Amino acid sequence: MKTKVLAIDDSRTIRNLLAATLEEAGFEYHCAVDGRDGVDMYDDVAPDVVITDINMPNLDGFGVIEELRGEGINSKVPILVLTTESAPEMKARARDAGATGWITKPFDDQSLIFALKRVTGAVA
Amino acid sequence: MSGSIQDTFFEECEELLEAMDEGLTAVEGGDHDPEVVNAIFRAVHSIKGGAGAFGLDELVAFAHRFETVFDEVRNNKVELDTKLIQLLLRCSDHLSDLVAVARDGGTTDEEHHDALIAGLEEYMDDEEEDLTFEPMGLGGPSVPLPLAAEEEKTYEIRFRPLKEMFGTGNEPFFLFQALSELGPLKVVLDESELPGFDAMAMDDSYLAWNLTLTSTEPKSSIEAVFEFVEGLCELSIASDKDAEEEEAALAALNAAFGVSGDDSVTDPPAPFDAPAPAVTAPEASPQPVEKASSAKAESTKSEQRGPKPTLRVDLERVDRLINAVGELIINHSMLAQQIANLDVADLRDVETELEGFKNLARDIQEGVMSIRAQPVKPLFQRMARIVREASSATNKVAKLVTEGENTEVDKTVIERLSDPLTHILRNAVDHGIEKPDDREAIGKSRTGEIRLSASHRSGSVCIEIKDDGAGVNRPRVKQIAIEKGLIPENAELSDSEIDNLLFLPGFSTAKEVSNLSGRGVGMDVVKNAVTALGGRINISSNPGKGSTFTIILPLTLAVMDGMVVSVADQTMVVPITSIVETMRGSDDMINSLGADGTLLSIRGNFVPICDVASALGLRNPNSDQPPGVYLLVETETGQKSALAVDDIHDQRQVVIKSLDGVCGNIPGVAAATILGDGKIAMILDPENILAASTSSATFDTERRMSNAIAS
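Quick look at the structure, then. As the structure is a computational prediction, the values presented were derived from the model and not from experiment.

With respect to the element layout, A:Arg95 can be found in helix H4 (residues 88-97). For the pair A:Arg95 and A:Val81, spaced 14 residues apart in sequence, the C-alpha to C-alpha distance is 9.3 Å. Here A:Arg95 is in contact with A:Trp102, B:Thr168, B:Glu227, B:Phe228, B:Val229, B:Glu230 and B:Leu232, once residues within four sequence places are set aside.

So, in structure tokens, the structure goes:
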């Protein structure tokens with residue numbers, strides 16, 4: 001069974017990059033176009049891992065994590081934050097919200113897969 | 001694959017640049033809503049993110065500075081004053097240039113680039129200038145391996161999660177699995193801290209692991225595996241080689257290694273004996289199989305979610321479809337003709353079906369056309385930049401106000417409108433808008449306003465460019481036209497005729513040309529561009545108040561509604577959009593004016609008659625024409641005229657076939673079409689016919705008058 005990834009990013013470019021890398025690596029890929037869309041899709045997709053951007057319209061990445069981890073959805077799946085900022089404060093903030101880890105943009109295929117591996121154990 | 005993703009990136013860049021421009025324009029207009037600023041920030045941020053993925057370093061570096069300044073604005077650390085807004089606007093223009101360079105190659109003006117960067121840096125905190133974009137910390141497999149064969153090292157790792165770790169979704173099992181890819185791994189669970197069952201707190205962490213890894217990887221690779229749990233666990237990593245280097249600790253550590261080496265289980269790296277609860281939890285929640293099998297459908301569906309589902313289609317395919325629809329319409333006409341020619345008693349049923357066929361064909365045609373239709377917004381937004389550049393080049397202050405940006409026009413029309421609009425706007429700034437001091441002196445605001453608007457007007461699109469500048473300098477224009485021999489010296493021209501002299505080929509305002517609009521293109525080129533699109537352009541001007549250029553364009557370039565008429569035994573088509581009314585003439589409606597002028601009286605009003613056959617040179621103007629049918633048309637200037645044709649046959653959709661490549665520009669003829677009987681018919685351009693006949697009449701009158709004076 002393939003590991004299901006829900007990617008939330010408002011950039012079509014990033015979504016396509018993620019799709020290409022993840023599908024080639026054998027993941028099942030789902031995507032949402034902004035934070036609100038991502039949270040709405042969560043139950044339907046029932047992903048094994050979530051990858052979310054931070055800067056997004058409608059609901060930002062921190063909001064996504066808070067809602068997914070919150071009472072309503074109470075998600076326990078790993079959540080990776082996709083960010084261009086490598087500053088420690090950002091990581092701390094994401095972690096406080098309940099993020100599992102982070103991927104720094106621009107990412108290459110290997111670092112993306114490596115990050116997923118560390119939180120899901122999945123090779124695909 | 002990555003090529004097509006890069007294409008997507010550039011497509012997306014266009015949209016993002018558009019969004020950014022829109023936001024900046026709003027900000028410029030005084031809208032400092034945080035959400036607007038946020039949206040601009042996100043657009044720049046997304047461009048940076050995508051550019052980073054493709055290694056477009058120059059773009060990344062510039063976007064980063066741009067974004068940083070916006071972040072300062074967002075956090076209210078920097079105030080959005082006029083100076084900053086102007087800088088940001090220039091930066092947005094430059095960013096769009098950088099995107100274009102990244103896509104199409106070429107270079108940008110380095111001096112300009114550096115000046116903007118320096119400008120942006122003035123607003124940046126010094127510490128924000130860190131421009132390193134290396135992916136942090138993610139060493140591990142992604143770091144290129146050192147070339148030299150690394151020595152194998154044995155690492156002793158002690159890992160004890162804190163209870164905080166479990167709330168983050170991190171799982172020791174997966175970390176160990178990742179670790180095991182670096183080399184053979186031994187995992188030993190240390191459960192010594194586990195209290196009795198009664199004393200155990202559900203949410204506390206009692207377990208620890210001692211791991212032994214043999215690997216050629218450097219220590220940093222191991223640290224990278226634990227990156228996400230840094231600070232959420234107690235972690236120590238020691239290697240035998242470290243130990244050798246540290247003389248003082250040598251003995252103690254050697255002893256420790258000896259112990260662990262002897263006592264540990266000699267299992268292969270995986271699977272390992274891991275404690276049940278923590279490790280198997282994720283594995284124990286298998287996903288329903290149905291979900292996985294419907295994955296494909298589901299992922300397609302997911303991509304379609306979001307605010308505006310769109311489909312990207314190769315333009316060529318749409319054009320093929322449009323051609324096919326054109327053929328379909330011609331085919332319908334032919335079929336209708338064939339059926340009408342049949343010798344069958346009752347055709348009613350067939351005709352009903354044929355009517356249905358026609359309606360469907362029209363629906364399909366409209367549908368296909370709407371695919372090609374696009375809002376003029378991006379075009380208008382680009383124009384804001386033209387005005388900015390023109391203003392700064394001429395030391396004037398002008399702003400562009402746009403209206404009706406959502407008006408949709410055929411894609412080709414939009415593409416080909418860019419040059420004429422650019423030219424008109426440059427002209428408006430250069431010749432129309434006065435210098436700020438001059439404006440102030442005559443009681444106008446220092447900032448000139450140019451209003452660019454688009455609207456639909458009965459089957460056409462109307463684009464208007466209106467400035468509040470000085471208007472056309474008519475005495476000057478007339479003088480130039482006389483000097484150039486374009487009009488007779490004593491020509492009496494109406495104001496509107498003088499204004500329209502600007503469009504004459506050979507009319508160059510050389511005396512007034514500055515280095516800006518004098519790029520070797522005259523307004524006649526603008527007119528030709530518009531005419532080539534099947535449109536018309538007109539100027540009206542109010543001295544001291546400004547000028548207005550009106551461009552009327554057809555909605556589509558492929559099909560139109562036409563009235564099929566006969567003119568001197570030829571079948572021709574007149575665009576329905578230009579016809580106000582049709583009427584059958586009778587002798588008592590015609591009044592003579594002078595020797596060769598005739599007027600048609602309609603309900604007490606007189607309108608000049610223009611005989612199409614003679615205007616096209618198909619018939620001698622003085623021949624006795626039978627009173628035929630009059631098509632009442634209205635010109636852009638609001639004047640009515642009656643076009644005289646011999647008869648009206650039909651009203652139908654015709655497919656426009658351009659004559660450009662076949663026989664060039666024929667006065668009075670806009671294009672050609674194929675009729676139901678397979679014959680070719682010319683599509684007339686009423687405006688052009690009228691203009692030609694009135695101007696020749698005017699000059700005739702002039703000549704007659706001057707002749708009379710001379711004799």
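Turning our eyes to something else, we now look at helix H15 (residues 377-394) of chain B. All names here are of chain B. Across its 18 residues, H15 extends 26 Å between first and last C-alpha, which sits within 8% of the 26 Å expected from 1.5 Å per residue. Across the 18 residues that make up H15, a large majority, 13, are buried. Asparagine 395, located one to two residues past H15, shows a positive phi value of around 55°.

All names here are of chain A. A sheet is described by the order of its strands in space; here five strands give the open sequence S2-S1-S3-S4-S5, paired in parallel fashion. Only two strands of the sheet have a single neighbouring strand rather than two, namely strand S2 (28-32) and strand S5 (101-104). Each strand axis lies, on average, 20° off the axis of its neighbour in the sheet, ignoring direction. Looking at chain direction, strand S3 (residues 49-53) and strand S4 (residues 79-83) are connected through four bridges and run parallel. Within S4, the position partnered with valine 50 by the bridge is isoleucine 79. Against the sheet, helix H1 (residues 12-24) contacts strand S1 (4-8), S2, S3 and S4, and its axis sits at roughly 170° relative to S2.

Looking now at the sheet that holds strand S1 (residues 153-161) of chain B. Residue and element names in this part refer to chain B. In spatial order, the strands read S2-S3-S1-S4; together these four strands make up an open sheet with antiparallel pairing. If you trace the sheet from one side to the other, it starts and ends with strand S2 (185-190) and strand S4 (233-239), each paired once. Averaged over neighbouring strand pairs, the angle between their axes works out to 15° when direction is ignored. Where S2 meets strand S3 (residues 208-215), six bridges bridge the pair, whose relative direction is antiparallel.

This brings us to the packing of helix H3 (residues 61-69) of chain A against H4(A). Residue and element names in this part refer to chain A. Between H3 and H4, the least distance of the axes is 8 Å, while the angle of their chain directions is 25°. Relative to H4, H3 is oriented roughly parallel. Of H4, the residues touching H3 (which contributes Phe62, Ile65, Glu66 and Arg69) are Met90, Arg93, Ala94 and Ala97. Of the residues belonging to the contact of H3 with H4, the class tally is five nonpolar, no polar and three charged.

Our next topic: the environment of B:Ser601. Residue and element names in this part refer to chain B. Positionally, serine 601 belongs in strand S16 (residues 597-602). Separated by ten residues in sequence, serine 601 and asparagine 591 have C-alpha atoms that sit 7.2 Å apart. With residues up to four places along the chain from it excluded, the contact list for serine 601 reads Met589, Asn591 and Phe606.

Residues and elements named next belong to chain B. Counted under the stated rule, the structure contains 34 salt bridges over all chains. A salt bridge links lysine 377 to glutamate 22; its shortest N-O distance comes to 3.2 Å. Here lysine 377 is found in helix H15, whereas its partner glutamate 22 is found in helix H1 (residues 2-28), with 355 residues between them in sequence. Looking at lysine 377, the relative accessible area reads 17%, which means it is buried. One salt bridge connects aspartate 499 with arginine 474, and the closest N-O pair in it is separated by 2.8 Å. With aspartate 499 in helix H19 (residues 495-500) and arginine 474 in helix H18 (residues 474-483), this residue pair connects regions lying 25 residues apart in the sequence. Both residues of the pair, aspartate 499 and arginine 474, belong to the buried class. Members of the salt-bridge network, linked through shared partners, are Asp93, Asp97, Arg385, Arg388 and Glu389.

Moving on to the packing of H1(A) against helix H5 (residues 109-120) of chain A. Packed helices, taken two at a time, are described by the angle their axes make and the gap between the axes. All names here are of chain A. Two numbers describe how H1 lies on H5: the axes approach to 10 Å, and their chain directions differ by 70°. In this view, H1 runs roughly perpendicular relative to H5, as classed from their interaxial angle. You can see that H1 and H5 cross each other, and the crossing is right-handed. Contacts between H1 and H5 involve Leu18, Thr21 and Leu22 from the first element and Asp109, Leu112, Ile113 and Leu116 from the second.

Okay, the side chain of B:Thr548 next. Its place among the elements puts B:Thr548 in strand S11 (residues 546-554). Sequence-distant contacts of B:Thr548, that is, excluding residues within four places in its chain, are made with B:Glu464, B:Ile465, B:Lys466, B:Asn538, B:Ile539 and B:Ser540.

A few words now on the packing of aromatic side chains. The description of an aromatic ring pair uses the distance of the two centres, along with the angle that the planes make with each other. Residues and elements named next belong to chain B. Inspection of the entire model under this criterion finds eleven aromatic pairs over all chains. Aromatic pair phenylalanine 159 and phenylalanine 226: ring centres 5.2 Å apart, planes at 45°, arrangement tilted. Linking phenylalanine 159 in strand S1 with phenylalanine 226 in the loop between helix H7 (219-225) and S4, this pair joins segments that are 67 residues apart in sequence. The burial state of phenylalanine 159 is the same as that of phenylalanine 226; both residues are buried. Grouping aromatic residues by their ring pairs yields a cluster made of Phe159, Phe176, Trp209 and Phe226.

Working note: regular strand, side chains alternate between the two faces of the sheet. Residues and elements named next belong to chain B. Of the pairings in the sheet, the one linking strand S12 (residues 559-567) to strand S13 (residues 570-575) comprises six bridges and is antiparallel in character. Within S13, the residue paired with methionine 563 across the bridge is valine 574. Between the end of S12 and the start of S13, which pair antiparallel, lie two residues, with alanine 568 showing a positive phi angle near 45°. The pairing of S13 with strand S22 (residues 680-684) spans two bridges and is classified as parallel. Its bridge partner lying in S22, methionine 572 is registered against methionine 682.

Residue and element names in this part refer to chain B. Together, Glu58, Asp109, Glu110, Glu111 and Asp114 make up a negatively charged patch on the protein surface. With three residues, helix H5 (residues 110-121) is the largest single contributor of residues to the negative patch. Glutamate 111 gets classed as exposed once you look at its relative accessible area, which sits at 68%.

Our focus in this paragraph is a nonpolar patch on the surface. A cluster of nonpolar side chains, contributed by B:Leu194, B:Phe197 and B:Met200, occupies part of the molecular surface with about 330 Å² of accessible area. Position of B:Leu194 relative to the elements: it lies in the loop between S2 and S3.

With that settled, consider the side chain of A:Thr21. Residues and elements named next belong to chain A. Inspection of the secondary structure assignment puts threonine 21 in helix H1. Owing to a relative accessible area of 9%, threonine 21 belongs among the buried residues under this scheme. Setting aside anything within four residues of it in sequence, one finds threonine 21 in contact with Asp109, Leu112 and Ile113.

Grouped together as the largest cluster of nonpolar side chains are 89 residues, with contacts concentrated most on A:Leu22 and B:Phe66. If we ignore the near neighbours within four places in the chain, the residues touching B:Phe66 are B:Met20, B:Val44, B:Leu88, B:Cys91, B:Ser92, B:Leu95 and B:Leu120. Counting residues in hydrophobic clusters, the runner-up holds 47 residues, among them B:Val413, B:Ile480, B:Phe503 and B:Ile539.

Conventions adopted
- Residues numbered from 1 in each chain as written.
- Chains lettered and ligands numbered in written order.
- Predicted model: local features only at pLDDT ≥ 70, side-chain atom pairs only at ≥ 80, totals over all residues.
- Heavy atoms only, no water.
- Helix = DSSP H or I, 4+ residues; strand = E, 2+ residues; numbered from the N terminus.
- Contact = heavy atoms within 4.5 Å.
- Expected span 1.5 Å × (residues − 1).
- Buried < 20%, exposed > 50% of the residue type's maximum accessible area, 1.4 Å probe, protein only.
- Pairing = 2+ DSSP bridges.
- Axes fitted to C-alpha atoms, helices over the stretch in contact; angles between N-to-C directions.
- Parallel < 35°, antiparallel > 145°, perpendicular 65-115°, else oblique.
- Nonpolar A, V, L, I, M, F, W, Y, C, P; charged D, E, K, R; others polar.
- Salt bridge = Lys/Arg side-chain N within 4 Å of Asp/Glu carboxyl O.
- Left-handed = near helix turned anticlockwise from the far one by under 90°.
- Phe/Tyr/Trp six-rings, centres within 6.5 Å; stacked < 30°, edge-to-face > 60°.
- Patch = residues over 30% accessible without salt bridge, like charges linked within 9 Å, V, L, I, M, F, W, Y side chains within 5 Å.
- Areas by Shrake-Rupley, 256 points an atom, 1.4 Å probe, with all protein chains shown as cover.
- Lys, Arg positive; Asp, Glu negative; His and termini not counted.
- Charge placed at Lys NZ, Arg CZ, Asp CG, Glu CD.
- Core = buried A, V, L, I, M, F, W, Y, C linked by side-chain atoms within 4.5 Å.

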